Amino acid sequence: MEIDFWVERWNSNKIGFHQTRINQYLVYFYGEKGPPADQREKFKVFVPLCGKSKDMLWLSQNGYKVFAVECSDRAVKDFFEDNALNYKHAKKDHHGLYQSSDLPSMIEIVQGDFFSLQKKDLDDVTDIFDRASLVALPVGMRKNYVNKMAELQKSGQRTLLVTLTFDPSEMNGPPFSVTEEEVHELYATDFSIEKLCFKDVINEETGLRNRGLTALIETVYKLVRK
Ligand SMILES: C[S@@+](CC[C@H](N)C(=O)[O-])C[C@H]1O[C@@H](n2cnc3c(N)ncnc32)[C@H](O)[C@@H]1O
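Residues numbered from 1 in each chain as written. Predicted model: local features only at pLDDT ≥ 70, side-chain atom pairs only at ≥ 80, totals over all residues. Heavy atoms only, no water.

> Could you give me a rundown of the pairing of strand E6 (residues 127-131), with the residues and numbers involved?
Across the 5 residues that make up E6, a large majority, 4, are buried. Pairing geometry for strand E1 (residues 44-47) and E6, over 2 bridges, is parallel. Bridge pairing in E6 places Val-45 opposite Asp-127. Of the strand pairs in this sheet, E6 and strand E7 (residues 158-165) are connected by 5 bridges, and their pairing is parallel. (Buried < 20%, exposed > 50% of the residue type's maximum accessible area, 1.4 Å probe, protein only. Helix = DSSP H or I, 4+ residues; strand = E, 2+ residues; numbered from the N terminus. Pairing = 2+ DSSP bridges.)

> Can you tell me about the site of the ligand, naming the residues and giving the values?
Residues in close proximity to the ligand total 18 residues, the closest being Leu-49, Glu-70, Asp-113, Phe-114 and Arg-131. Within the side chain of Trp-10, a nitrogen or oxygen atom sits 2.9 Å from an oxygen atom of the ligand. One of the side-chain nitrogen or oxygen atoms of Asp-113 is found 2.9 Å away from a nitrogen atom of the ligand. Its free accessible area being 600 Å², the ligand has 97% of it covered by the protein chains. Top element by residues in the shell around the ligand is helix H1 (residues 3-11). It accounts for 3 residues. (Near = heavy atom within 4 Å. Polar contact = N/O pair within 3.5 Å; in protein donor to acceptor, adjacent residues only side chain to side chain. Areas by Shrake-Rupley, 256 points an atom, 1.4 Å probe, with all protein chains shown as cover.)

> Give a detailed account of the nonpolar core, specifying residues and quantitative values.
By size, the foremost hydrophobic cluster in this structure holds 35 residues, and its most contacted members are Phe-46, Phe-114, Leu-117, Leu-134, Tyr-145, Tyr-187 and Leu-216. Of all the secondary structure elements, the ones that give two or more residues to this core are strand E2 (65-70), helix H5 (139-152), E7, helix H6 (180-187) and strand E9 (217-225). Of the residues forming this core, the biggest block, 6 residues, is contributed by H5. Split by domain, this core shows at least three residues from each of two domains, domain 1 (1-13 + 22-131) and domain 2 (144-226). If we skip the residues at most four places from it in the chain, Phe-114 touches Phe-46, Pro-48, Leu-49, Val-69, Tyr-145, Lys-148, Met-149 and Leu-152. Counting residues in hydrophobic clusters, the runner-up holds 27 residues, among them Val-45, Cys-50, Ala-68 and Phe-80. (Core = buried A, V, L, I, M, F, W, Y, C linked by side-chain atoms within 4.5 Å. Domains from an automatic or database assignment. Contact = heavy atoms within 4.5 Å.)

If you want it as structure tokens, here you go:
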């Protein structure tokens, strides 16, 4: 799944992965279970491969600064325009940088390749929210993605990772099935791993059911960079 594949998906509006509602695990772990609202300005959440996810809106509205990366210019512009947010556009290194200060906390989206980010870009990031990012990548790219995540992060940075597990013979990705065993293979060297919860979501995911899935488990992990 190279960048051209995704840019084409955005340009032809084949974005079945986009959710109109806010991710329930984000709301639970960063809302109810998260830090008190008046302390959230100290937190900055990195959203890799962000698309035009409404989760970024929720994070900013709930006091968290947002830093994100997305390869599609269309997706980034759609995020701001769909949500009626003013934004500034500038060049940063070899990337485009979009910034909006309309909401309580700043949202910054780098338009470019995740793999070209540098450690300094995540310097003041405290948390990472990975929904539909690791699972968007085929098996051959997942190791590179996790290696890059390890390279970018410093000790103590936390990730909320949401994976999907299903029988891969029932459907071609993306999204791709990622088992608990694979999560350990990918992350255990550089991250501590805590499984927070899992849920059978086949009845909620009608799009994936229509693509042939008969069973689907969503699992949430907390990872901490060692
Ligand atoms: C499955 S979508 C998920 C989007 C978002 N996380 C969400 O929950 O809606 C994956 C996104 O990653 C973007 N993407 C894929 N490869 C990328 C890369 N190397 N660098 C930056 N963005 C990338 C795609 O354009 C797409 O918007």
